[in-house]
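Tertiary structure, described
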Amino acid sequence: MISQKMQEALNDQMKWEFYSEFLYLAMAGYFKARSLDGFANWMTIQTQEEHAHAMMFFAYIADAGGRPDVRAFDQMENEYDSVTDVFRKTVEHEKLVTMRINDLMDLAVEEKDHATAQFLAWFVKEQVEEVASPQKILDQLELVKEDGNALMMLDRELSQRVFNPPSVAT
Ligand code: FEO
């Protein structure tokens, strides 16, 4: 059974994961409007991953004897200066999520809540990839400086991304 404090913190993180889902969908919309379908595909896959993350919190809170509490969030920022700007904001967002997951892990350790710590361990590892993956694209974008040909090549590459549901997702 999770503590009240842990239930609150996990529900708050579930909200952030749903927020991430819609943030990336908004970014996919930006790319779609610019006919960058490969970039849009990459972001759409990202939304699917975030939905899976949110549902993992939903299932865990219930399994741990708590109540999943789905909460509304504010409108996300949806104005971007450039393709590079979108990925800069993606990396910033994922770094923030990583800090939040680490704080949750600190709370689980503090409360000697081993089950929650084990649940969160998957997210600690996942966040390494969640930052590294858009960071790599950002590095490439900064290198090519929005050159049209390079953008089209990258767009083709990103169109190849497919969704692989996390094996622990429900
Ligand atoms: Fe669910 Fe992108 O972290």
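In what follows, the accompanying structure is described. (Residues numbered from 1 in each chain as written. Predicted model: local features only at pLDDT ≥ 70, side-chain atom pairs only at ≥ 80, totals over all residues. Heavy atoms only, no water.)

Looking at the overall build of the chain
Going by this rule: Elements are defined by DSSP. Helices are runs of H or I of four residues or more, strands are runs of E of two residues or more, and each kind is numbered from the N terminus. Radius of gyration here is computed from C-alpha atoms only, and the compact-globule reference equals 2.2 Å multiplied by the residue count raised to the power 0.38. Any residue under 20% of the maximum accessible area for its type is buried, any over 50% is exposed, and the rest in between are partly exposed; the area is computed with a 1.4 Å probe on protein chains only. Two residues form a contact once any of their heavy atoms are found within 4.5 Å. The method behind every accessible area is Shrake-Rupley, applied with a 1.4 Å probe, and residues are considered shielded solely by the protein chains displayed.
A tally of helices and strands in the chain yields five helices and zero strands. Along the chain, from the amino end to the carboxyl end, the secondary structure elements read α-α-α-α-α. Against the 2.2 N^0.38 benchmark of 15 Å for 170 residues, the chain shows a C-alpha radius of gyration of 17 Å, consistent with a compact globule. For the C-alpha atoms alone, the extent of the chain along its principal axes is close to 55 × 25 × 25 Å. Split into buried and exposed, the 170 residues of the chain put 48% on the buried side. The long-range fraction of contacts in the chain, counting pairs at least 24 apart against all pairs at least 6 apart in sequence, stands at 83%. As presented, the chain carries roughly 9,100 Å² of accessible surface, and 54% of it is formed by carbon and sulfur atoms.

Quick look at the side chain of Gln7
Condition: Under this definition, polar contacts are N or O atom pairs within 3.5 Å; protein pairs additionally need one hydrogen-donor-capable and one acceptor-capable atom, and for neighbouring residues in sequence, both atoms have to be side-chain atoms.
Mapped onto the elements of the fold, Gln7 is located in helix α1 (residues 4-33). Classification of Gln7 by relative accessible area gives buried; the value is 16%. Within the structure, the side chain of Gln7 is placed 3.2 Å from the backbone nitrogen of Arg67, a separation counted as a polar contact. Every residue in contact with Gln7, bar those within four places of it in the chain, is listed here: Ile2, Ile61, Gly66 and Arg67.

Describing the side chain of Thr116
Among the secondary structure elements, Thr116 is positioned in helix α4 (residues 114-144). Other than its neighbours up to four places away in sequence, Thr116 contacts Ile2, Met6, Leu10, Tyr60 and Ala108.

Regarding the environment of His51
Residue placement: His51 occurs in helix α2 (residues 37-63). Remark: the alpha-carbon pair of His51 and Glu142, spanning 91 residues in sequence, is separated by 29 Å. Those residues in contact with His51 that sit more than four places away from it in its chain are Phe18 and Glu21.

Observations concerning the pattern of salt bridges
Let me state the cut-off plainly: Every case where a carboxyl oxygen of Asp or Glu lies within 4 Å of a side-chain nitrogen of Lys or Arg is listed as a salt bridge.
According to the stated counting rule, one finds nine salt bridges in the structure shown. It is possible to trace a salt-bridge network through shared partners that takes in Glu8, Asp69 and Arg71.

What to know about the environment of Thr116
Here Thr116 falls in the buried class, since its relative accessible area comes to 0%. The spatial distance from the C-alpha of Thr116 to the C-alpha of Met1 is 9.7 Å, given a sequence separation of 115 residues.

Side note on the nonpolar core
To be explicit about the condition: Here, nonpolar core refers to any group of buried Ala, Val, Leu, Ile, Met, Phe, Trp, Tyr and Cys residues whose side-chain atoms link them within 4.5 Å.
With 25 residues, the main nonpolar core has Phe31, Phe39, Met43, Val86, Phe87 and Leu141 as its most contacted residues. Elements supplying a minimum of two residues to this core: α1, α2, α3 (83-110), α4 and α5 (148-158). Of all the elements, α1 adds the most residues to this core, at eight residues.

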